[in-house]
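A closer look at the structure
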Amino acid sequence: MTFREEDIVSDREVELLKLPESYWDIRVIQWPCVFLSNEVLLALRCAKELSDAPDKRLWSKISKNEYMRCAVIEAYDSVKHLLLTIVKYDTQEHSIVKTFFQEIDQWVHLEKFTKRYKVTSLGKIHEQVLYVAAIQDFTKEHRDIHQLREAGLAPRTTVSSAGFLFEKAVQLPSPDDIFYQHVRRLHTILTSKDSILKIPENHEARRRISFFSNSLFMNIPQASSTGKMMAFSVLTPYYDEEVLYSEEQLKNVNEDGISILYYLQTIYADEWRNFVERMCWEGMVSETELWRTRSRDLRLWASYRGQTLARTARGMMYYKRALKLLAFLDSASEMDIVEVSQQLRSMRLSIDGLSSEMSTSVYDHWIAMKFTYVVSCQLYGTQKAEKDPRGEDISNLLEDNEALRVAYIDEVSKGMAENEYYSVLVKYDQKLQREVEIYRIKLPGDPLKLGEGKPENQNHAIIFTRGDAVQTIDMNQDHYFEEALKMRNLLEEFKHNHGIRKPTVLGIREHIFTGAVSAPAQFMCAQETSFVTLGQRIMANPLKISMHYGHPDVLDRFWFLTRGGISKGSRVLNINEDIFAGFNCTLRGGNITHHEYIQFGKGRDVGLNQISVFEAKIASGSGEQLLSRDVYRLGNMLDFFRMLSFFYTSVGFFFNACMIVYAFYAFWWGQLYLALSGFESSMKSGEADQNAALLSILSQEFVIGLGLFNALPMIVESIVEHGLLTCVWEFIITQLQLSSLFYTFSLGTRAHYFGRTLLHDGAKYRATGRGFAVQHKSFAECYRLYARSHFVKSIELGLILAVYSLYSPVVGSSFVYLALTLASWFLVVSWILSPFIFNPLSFEWLKTVNDFHEFINWLWHRGSVFEKAEHSWEKWWYEEQDHLRTTSNWGKVTEIILNLRFFFFHYGMVYRLGSVAGSKSIAVYLLSWIYVVVAVGVYAISTYTRIKYSVKAQIYYRLVQILIFVFGIVGIIALRMLTSFTILDFFICLLAFVPAGWGFISITLVLRPFLQKSMIWESVVSFARVYEMMFGVIVMSPVAVLSWIPGIQSMQTRTLFNEAFNRGVQLSYILAGKMPQADFDTP
């Protein structure tokens, strides 16, 4: 019934899937209709083909398929009982029907059915049960009316004297009778042509049924009775995420003209139809009533398809329903079970709504002792005081769920800037019909100021949990009723040894339910699935190095409460709080296992921007882990093999990604220096040796550069879970969806933030947002997010590759150069274009133009001190360099040393000027700095005059501009006349001086505390703004070219939403903002 409540199956599919109650006298097992669909039609086809064959041969062919045999027998018995039931007992018509079936039973018993009857006429009888067809045309021997009367198959009186046959002999049972359910079942068996592979229609329903069925054959511990099972609690930390979508959120459209409700109606079209069908069954007449009388049901339906607290609470409340059912089954008699089954079938009630012994106070008391759900809403008190809609929605959740408890921090003012803080636990009292306070614990101070928000949110609420175990659940998770039934079995794992110890943490399999929204969501789903299934399985056994990598693991509550708790909350250091619980468990002799016979739903980020922010948070947190004493102690405690396994499965994964990218850049900087210095020319040897060296470099760099190693765990997981052929097909599809670009881009994200955290520290929590990522993200937003991590680095690498192609003697032909740099150019393209390839409507020309104008406005908007980074480039620029303000002296020195590479580039390019005439003197390099100083001075003068005179004295500002232009022309002419300076030298100078300028800006940012109050700082800021504009134009150029080419936008939409297209979703229509008028009125 929960499938129907969740609207993932329709009423018709419920009829097809449910196991019927034995009502009529059926001689075979009554399988669900989904197994018997189309079997009667196939049996009729067999009978037509073997119409002259003996009974044994025909029945032998039908009996080869057990479902076909049962379908034929059940259909015959059901038709027989149906007709005998609806025809009045004391009539001649009832006698005719009874005699007709007795005659058939007799010939079947004698195995002469095919000899007596025309089997080919069964099709006509199947289409419509006709008296004439069944009595006269069915038999091979024609019988007249007198013979039929003698056989009891015709009325004794004439039609004219008694009326039409069966005219007054049929009497139907009462409408509420279970009789009609079996009539519908008979009709389905006789007429349904549905395939078992397509029932249910909903993919999620099929997946859940499949997993639950397969899990029953896994190694599951024997569950104890509900009264003897371990008590447990569920803990969910909550800050200010969405609880329940409001009506305004559902109706409001974004800039592309799409509302959340319309998007959900399109993506989940079948579930929307099922929802409307359910509302109609509950009394709704038309869809126009949804906003007026069913608005809360509508809000719940939409919220259950997002990553909301309401969805998580519904999933966790399945524990109560499952335990109530299990408690009832433990103590109920057979008659009680039959009574409950009848109520569920006839009244369509949920388990909570049964008016039987199952809902008595005894069972409720048992459940209250065994299960508690605590949501730690740290701001709930403030939200209630401020009349925040989220606070009201949480109160409604409390009212609807009796087992739900809410913990929050209550700040009480005592005057004179003195506040007291309390941890408070509340519930909704059903008798008093109001919210009541259970516990209030005074705290020594504000716990949220001691450490990170989420860990401290869990720490203050852990005391309110009860039982022997506690399950940590994130706010973006879900659970299923059928999986909740196996919780008793899972808790039994704490009583069994796994290795030499009993477990202290039970790892659980997760299912990512957001994988079908977009291509990035699908790639993220594959990546996460491989980690939470195959990865966790191997780490738990045999590597024995699994940590508490996150929710929904179940922890031994008493073990952790006596050993420091489940969360470490130190600021900055414990951003990834989950894994530190695993570190603590392993260091203190605990045992972490993994179990795959039970699963939980998990939502992930669905847009590239959200995914990148999430990976930045994880990478930064991993950098902090590497600096922690926990990892140091684990490295000293573990044996060699476990230490290697631990390294790769935790911080080593990000360390390797960082080393791959650093090695990539070190290789090309080294190659460029060798080319510019002439060392390659002096070392050039024979053609054969040259080609061998190139192929050797290519074989290593190509594998590393493409980042295919990141996809290897997903490939292995797909082979194990789905088979080789399915894996090959999925791999081809994902490559066509440009998954290599995505994984290479993710490699850069992890490397950048992990490396920056190691060098400068200062990791911070990053809120990703859990919305529906179908809205176009502007170019300015993408630039703010990826400028330092991807765009600038890819431009740097592209410049190196371009210069290397000009001055390297090794590059003898285009083929050699392409073979040598293919992987490198692939990295450049992926880092520049991925944010736009995986961003809806990025290649629409009008949006590209608007994005560029928005970027320019953002770049030149200065704003006030309180301006946000989204509105002012200068504010963003300062925030982007915050890590340099808090870094150590060694970090500053290292940053300066790394930026010296741009001056080495300048040094190498200066000696390539034609005017140098092959000179190798150091004076050439020193003289080049004169031009740099002059250029910087001219720009500083221009900036100063623009700031001072551009508003009040325009004539002075214009005069300075004219003088700068004139002196510039004169200088170029003088160089051209007095030296051998050429036009080519002018472009070489640009190649030399532009990177040097960026290096100068980067170093001044490190020295910002000393230079910010000096005269040159305004020039540095203005100079940096010009560079940002240049970077933006470079990144925007390929986007503009692709936007100008017809058909690119359609290809991008098809690639980005491929899975949705396969389900018949017209996302190109949606994203174009052509939302049709809703079928129901809004208030």
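Looking at an unreviewed UniProt entry, the protein chain carries the name Callose synthase 12, with the source organism given as Forsythia ovata.

**Topic: the overall build of the protein chain**
Broken down by element type, the protein chain carries 54 helices and 10 strands. Relative to its full complement of 1083 residues, the protein chain shows a buried share of 51%. Sequence separation of 24 or more characterises 77% of the internal contacts of the protein chain that already satisfy a separation of 6 or more.

**A look at the packing of aromatic side chains**
How two aromatic rings sit relative to each other is given by the distance of their centres and the angle of their planes. Applying the stated rule across the entire model yields 47 aromatic pairs. Here W668 and Y804 contribute two aromatic rings whose centre-to-centre distance is 5.3 Å and whose plane-to-plane angle is 75 degrees, an arrangement assigned as edge-to-face. In this pair, W668 sits in helix α34 (residues 651–677) while Y804 sits in helix α40 (residues 779–807), placing the two residues 136 residues apart along the sequence. As far as the burial class goes, W668 and Y804 line up, both buried. Here F745 and Y786 contribute two aromatic rings whose centre-to-centre distance is 5.0 Å and whose plane-to-plane angle is 75 degrees, an arrangement assigned as edge-to-face.

**Some thoughts on the pattern of salt bridges**
Counted according to the given criterion, the structure contains 39 salt bridges. With a shortest N-O distance of 3.0 Å, D474 and K602 are connected by a salt bridge. Taken as a pair, D474 in the loop between β6 (469–472) and β7 (477–478) and K602 in strand β10 (residues 592–602) lie far apart in primary sequence, 128 residues in all. Residue D474 is classed as buried on the basis of its relative accessible area of 9%. With a relative accessible area of 3%, K602 lands in the buried category.

**A look at the environment of L799**
Along the polypeptide, L799 turns up in helix α40. Separated by 192 residues in sequence, L799 and L991 place their C-alpha atoms 8.5 Å apart. In contact with L799, not counting residues within four places along its chain, are F905, L991 and P995.

**Focus: empty space enclosed by the protein**
Applying the stated criterion across every chain yields a total of five cavities of 30 Å³ or more. Estimates place the volume of the second largest cavity at around 80 Å³. Taken together, 10 residues make up the lining of the second largest cavity; nearest its centre are K18, P20, Q181, H182 and R185. Here the residues of the lining of the second largest cavity sort into three nonpolar, two polar and five charged.

**Digging into the pairing of strand β5 (residues 434–443)**
Inspection of the sheet shows strand β4 (residues 419–429) paired to β5 by nine bridges, in the antiparallel sense. The residue bridging D429 from the neighbouring strand is R434, located in β5. Hairpin connection, β4 to β5: the antiparallel pair is bridged by four residues, and Q433 has positive phi, about 60 degrees.

**Thoughts on helix α51 (residues 1017–1044)**
Given 3.6 residues per turn, any residue in an α-helix points the same way as the ones three and four places further on. With 28 residues, α51 ought to run about 40 Å at 1.5 Å a step, and its terminal C-alpha atoms sit 40 Å apart, in line with that. The largest bend along α51 reaches roughly 30 degrees and is located at M1036, with the proline P1038 sitting one to four residues downstream.

**A few points about the nonpolar core**
Core analysis: the biggest nonpolar cluster contains 81 residues, and Y783, F838 and W877 have the highest contact counts within it. It is α40 that contributes the most residues to this core, 15 residues altogether. When sequence neighbours within four positions are dropped, the list of residues in contact with W877 reads R788, I1001, L1005, W1017, V1020, V1021, A1024 and E1028. Core analysis: the second largest hydrophobic core is formed by 50 residues, A313, I367, F481 and F600 among them.

Criteria and thresholds
Here the residue index of a chain counts from 1 through its sequence in written order. Selection of residues for local features in this predicted model requires a pLDDT of at least 70, selection of side-chain atom pairs for listing and counting requires 80 or more, and totals for whole chains, interfaces and linings are taken over all residues. Side-chain metrics rest on all non-hydrogen atoms present in the structure, leaving aside hydrogens and water. Comment: elements are numbered from the N terminus, with helices defined as DSSP H or I runs of at least four residues and strands as E runs of at least two. We call a residue buried when its accessible area falls under 20% of the maximum for its residue type, exposed when it is over 50%, and partly exposed in between, using a 1.4 Å probe and counting protein chains only. The contact definition used throughout considers only heavy atoms, calling two residues in contact when any of these lie within 4.5 Å. Side-chain rings of Phe, Tyr and Trp (the six-membered ring for Trp) are treated as a pair once their centres are within 6.5 Å; stacked means planes under 30 degrees apart, edge-to-face means over 60, and tilted covers the remaining angles. Salt bridge criterion: a side-chain nitrogen from Lys or Arg within 4 Å of a carboxyl oxygen from Asp or Glu. Buried and open spaces are told apart on a 1 Å grid over the protein atoms alone, a cavity being a set of points where a 1.4 Å probe fits but cannot get out and a pocket being an open set with protein on both sides within 12 Å along at least five of seven lines. Residues with an atom within 4 Å of a point are the lining residues. Grid points are joined across faces, edges and corners, and a volume is the space filled by probe spheres set on the points. When residues are sorted by character, Ala, Val, Leu, Ile, Met, Phe, Trp, Tyr, Cys and Pro go into the nonpolar class, Asp, Glu, Lys and Arg into the charged class, and all the rest, Gly among them, into the polar class. In this description, strands pair whenever DSSP reports at least two bridges between them. Expected helix span is taken as 1.5 Å per residue step, with the number of steps being one fewer than the number of residues. Note that bend, as reported per residue, equals the angle between axes fitted to the 7 residues terminating at that residue and the 7 residues originating from it. Here the nonpolar core consists of buried residues drawn from Ala, Val, Leu, Ile, Met, Phe, Trp, Tyr and Cys, with membership extended through side-chain atoms lying within 4.5 Å.

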